[in-house]
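Here is how the chains run, residue by residue.
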Amino acid sequence: MKRVGFVINSRFPEAASFGRGMRPHHLLIGWDDSGSPMSFMRFRWIAREVNKSGAMRYELFKPWRRYDAVVFLKSMGEQCLRAARRLREAGTKIIFEANVDYYTQASQKNLPDQLIPTDSQRQDAIAMTSFADAVITSSSRLAEITREFTSSVHWVPDNIKWDLIPDGEPGPCVRDKKLQLWWSGMASKLYDFLLIEKALRLAPVHLNLVTSGVAAAIQGWSATRRRDFEHLLSDVSHTFHEYSGIPSLLQSYHSHGGIIVSPRYLDSPYNQSHTEWKLTLGLACGLPGIGSPLQSYLDAASIGSTDLRICHDIDGWTEAFDAALLDPEGSRRRGVEGAAAIKQRYGSTHVAKEHGRVLESVLCS
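Read on for an overview of the structure. (Residues numbered from 1 in each chain as written. Predicted model: local features only at pLDDT ≥ 70, side-chain atom pairs only at ≥ 80, totals over all residues. Heavy atoms only, no water.)

## Overview of the overall build of the chain
Alright, step 1. Helices and strands together make up the secondary structure of the chain, namely 15 helices and 13 strands.
Alright, step 2. Against the 2.2 N^0.38 benchmark of 21 Å for 365 residues, the chain shows a C-alpha radius of gyration of 21 Å, consistent with a compact globule.
Alright, step 3. Seen along its three principal axes, the alpha-carbon backbone of the chain occupies a region of about 65 × 45 × 35 Å.
Alright, step 4. Here the chain displays about 15200 Å² of accessible surface, and carbon together with sulfur accounts for 50% of that area. (Helix = DSSP H or I, 4+ residues; strand = E, 2+ residues; numbered from the N terminus. Rg over C-alpha atoms; globule rule 2.2 N^0.38 Å. Areas by Shrake-Rupley, 256 points an atom, 1.4 Å probe, with all protein chains shown as cover.)

Right, here's the structure in full:
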């Protein structure tokens, strides 16, 4: 049996990590980042499926165990690179999983400061990418970018643990004569709604925003952006829902019903290389979707029968809202029908097989 260890969010369990959150027991059981959705989505859900085969074992990295391969999941920096060198000398294959575009230098035009990679992050990402035996990326665009630094690149999309999806059909798209729009994410990214401000003001919509720490997050924005966003909220019906985990989020999507939306400014590398997960979680619950033309959203929309509408400009968003309001039951029905295609492409069982095939190919190279 081949054994694969995972280092998550640069939590490398070694003596140098004491005093930075690691405790002695982490040396024995590995050091997880249980508070990060990426940890369970790109490690635990994948490991659960891969380990069923018995041919390969995925687990948190333990420094005392011999591994055939170690996956550095969004883990980089001098400590990780130093450990990767030691592991390779012992015959272990090194895989770097990248889920953020740290590689492209960005302007601050449409990004809060905290979403702009630092020079240090860029150098660390390039170093880890160049050193690794293979790189796994979470979006097809990020795969294209990393090929500048290595030839062994594999795109494995984000996945959805399908037994978390509620049974039955979702609620209606329109409630109280308003189109119910759903969005979830870090509060610092709410600024993307300014991209579709005109469409939001023209249509009878209600924004359902699932997030946390809004007041603190928008303090990091420019005064102009903060003012514009506050004016938008004062004019557009909305509800803030506190984020309390993926199961609760999926239940909200399903029980309330509506349309999952994701507007994105396309002049920021961070947005351009983002994954499809923000939309596919809603699509998996049977909601129709509307999004900007990111490559990952275009990839999801290209799947047969998926009800994901891509809007290239403000007129497209206005037309999409009008169409859903004109035929809300038809929109709901198409969303329900499209969920099966999302399961086939992005369900954990399918994506775990892709991930396992990548590791097998690296180990055989």
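## Re the sheet that holds strand E4 (residues 93–98)
Alright, step 1. One open sheet holds the six strands; their spatial order is E2-E1-E3-E4-E5-E6, and the pairing between them is parallel. Since the sheet does not close on itself, it has two edges, and those belong to strand E2 (56–60) and strand E6 (153–155), each with one partner. In this sheet, adjacent strand axes meet at a mean angle of 25 degrees when their direction is disregarded.
Alright, step 2. Here strand E5 (residues 134–137) pairs with E6 via three bridges, running parallel. If you follow Val 135 over to E6, its bridge partner there is Val 153. (Pairing = 2+ DSSP bridges. Axes fitted to C-alpha atoms, helices over the stretch in contact; angles between N-to-C directions.)

## Notes on the packing of helix H9 (residues 246–256) against helix H11 (residues 277–284)
Alright, step 1. Packing of H9 against H11 brings their axes to within 9 Å, and their N-to-C directions diverge by 55 degrees. It follows from the interaxial angle that H9 and H11 lie oblique. Classified by chirality, the crossing of H11 by H9 is right-handed. Residues Ile 246, Leu 249, Leu 250 and Tyr 253 of H9 lie in contact with H11, whose contacting residues are Trp 277, Leu 281 and Gly 282. (Parallel < 35°, antiparallel > 145°, perpendicular 65-115°, else oblique. Left-handed = near helix turned anticlockwise from the far one by under 90°. Contact = heavy atoms within 4.5 Å.)

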